[in-house]
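Read off the chains here:
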Amino acid sequence: VLLKVVLALGIAFLLVYYGLSALMRELYPVRYPEIVQSASEETGLSEALIYAVIKTESGFDPSAESHAGAKGLMQMIPDTFSWIQQKHDGNVQFEEDALLDPETNIRYGCRVLREMMDWFGDVDTALCAYNAGAGTVQRWLSDPAYSSDGKTLDKIPYPETARYVEKINQNRKIYEKLYDFEIE
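We now turn to the structure provided with this report. (Residues numbered from 1 in each chain as written. Predicted model: local features only at pLDDT ≥ 70, side-chain atom pairs only at ≥ 80, totals over all residues. Heavy atoms only, no water.)

Moving on: helix α3 (residues 33–43). Among the residues of α3, V36, A39, S40 and T43 are the ones counted as buried. Along the axis of α3, the buried positions cluster into a sector of 105°, meaning they face one direction only. For α3, exposure combined with an orientation more than 90 degrees from the buried face picks out E34 and E41. Directly beyond the C-terminal end of α3, a positive phi value near 80° is found at G44. (Buried < 20%, exposed > 50% of the residue type's maximum accessible area, 1.4 Å probe, protein only. Helix = DSSP H or I, 4+ residues; strand = E, 2+ residues; numbered from the N terminus. Arc of directions from axis to C-beta.)

Attention now moves to the layout of surface pockets. When its volume is computed, the largest pocket comes out at roughly 620 Å³. For the largest pocket, the lining is made up of 23 residues, of which A70, Q75, I77, Y130 and N131 are closest to its centre. Residue assignment for the lining of the largest pocket shows that the elements contributing at least two residues are α4 (47–58), α5 (78–89), α6 (102–120), α7 (123–132) and α9 (159–179). Ranked by residues supplied to the lining of the largest pocket, first place goes to α7 with four residues. Of the residues contributing to the lining of the largest pocket, the split by class is 13 nonpolar, seven polar and three charged. (1 Å grid on protein atoms, 1.4 Å probe; cavity = no way out; pocket = protein on both sides within 12 Å on 5 of 7 lines; lining within 4 Å. Points joined across faces, edges and corners; volume = space filled by probe spheres on them. Nonpolar A, V, L, I, M, F, W, Y, C, P; charged D, E, K, R; others polar.)

In this structure the tally under the stated criterion is six salt bridges. Residue R111 is joined to E42 by a salt bridge in which the shortest nitrogen-to-oxygen separation is 2.6 Å. Highlighted residues: R111 in helix α6 and E42 in helix α3, separated in sequence by 69 residues. Using a relative accessible area of 39% as the deciding quantity, one classes E42 as partly exposed. (Salt bridge = Lys/Arg side-chain N within 4 Å of Asp/Glu carboxyl O.)

Looking now at α7. Considered for burial, the residues of α7 that qualify are T125, A126, L127, C128, A129 and Y130. Where α7 is buried, its residues touch α4, α6, α8 (134–141) and α9. With a side-chain oxygen positioned 3.2 Å from the backbone nitrogen of D124, the residue opening α7 is D122. Once α7 ends, the next one or two residues include G133, with phi positive near 105°. (Contact = heavy atoms within 4.5 Å. Polar contact = N/O pair within 3.5 Å; in protein donor to acceptor, adjacent residues only side chain to side chain.)

Taken as a whole and judged by the stated rule, the model has eleven aromatic pairs. Taking 6.4 Å as the distance between ring centres and 20° as the angle between the ring planes, the aromatic pair formed by F81 and F94 counts as stacked. Of this pair, F81 sits in helix α5 while F94 sits in the loop between α5 and α6, and the two are 13 residues apart along the sequence. Take F81: its relative accessible area is 1%, and that puts it in the buried class. The partly exposed category is assigned to F94, whose relative accessible area is 26%. Between the aromatic rings of W140 and Y158, the centroid separation amounts to 4.8 Å while the plane-to-plane angle is 80°, which identifies the pairing as edge-to-face. Of this pair, W140 sits in helix α8 while Y158 sits in the loop between α8 and α9, and the two are 18 residues apart along the sequence. Residue class for W140 comes out buried when judged on its relative accessible area of 5%. An aromatic cluster of three or more residues is present, and its members are Y28, Y51, F60, Y175, Y179 and F181. (Phe/Tyr/Trp six-rings, centres within 6.5 Å; stacked < 30°, edge-to-face > 60°.)

Moving on: the side chain of K71. Its location among the elements puts K71 in the loop between α4 and α5. Judged by its relative accessible area of 9%, K71 falls in the buried class. Setting aside residues no more than four positions away along its own chain, K71 makes contact with A64, E65, M76, E96, D97, L99, L100 and N105.

Below is the structure:
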């Protein structure tokens, strides 16, 4: 109980001292703005969505690596990185270590997300594919237990993926309001 009181008082102090907006900007930073803006212009993804994915995936740690081997700010798996390079560039120009470079990771991560949006036609379904894989989402869409129309998901069967989509949508809304980004 004492810990909760101290925590609440600490938060209240920070709110009064820094202001809610400043505190929120600390919690929801804008890092790599030139790279994000360029990737947004190239792919048509909103900056708020890109920041929400980065925050959710890596917490803005360019050296982040998951237990599944995903790397960098947007947590891309090396096989996906090779695939998107081949698709967009006609060959593989970068080795997997390039995923730790913020510019390369954001640029190609956004290209992957754009491909998923073009394929599935829906932000939430594209986010599911970005997280769980396009093949997995295709299987979900063909199962009436998860999709009544074969195009959109009525239910996301992986709890981790459902939480992922929810978290990105929450973060995206915060970024839209906090920084006046365009709303999708």
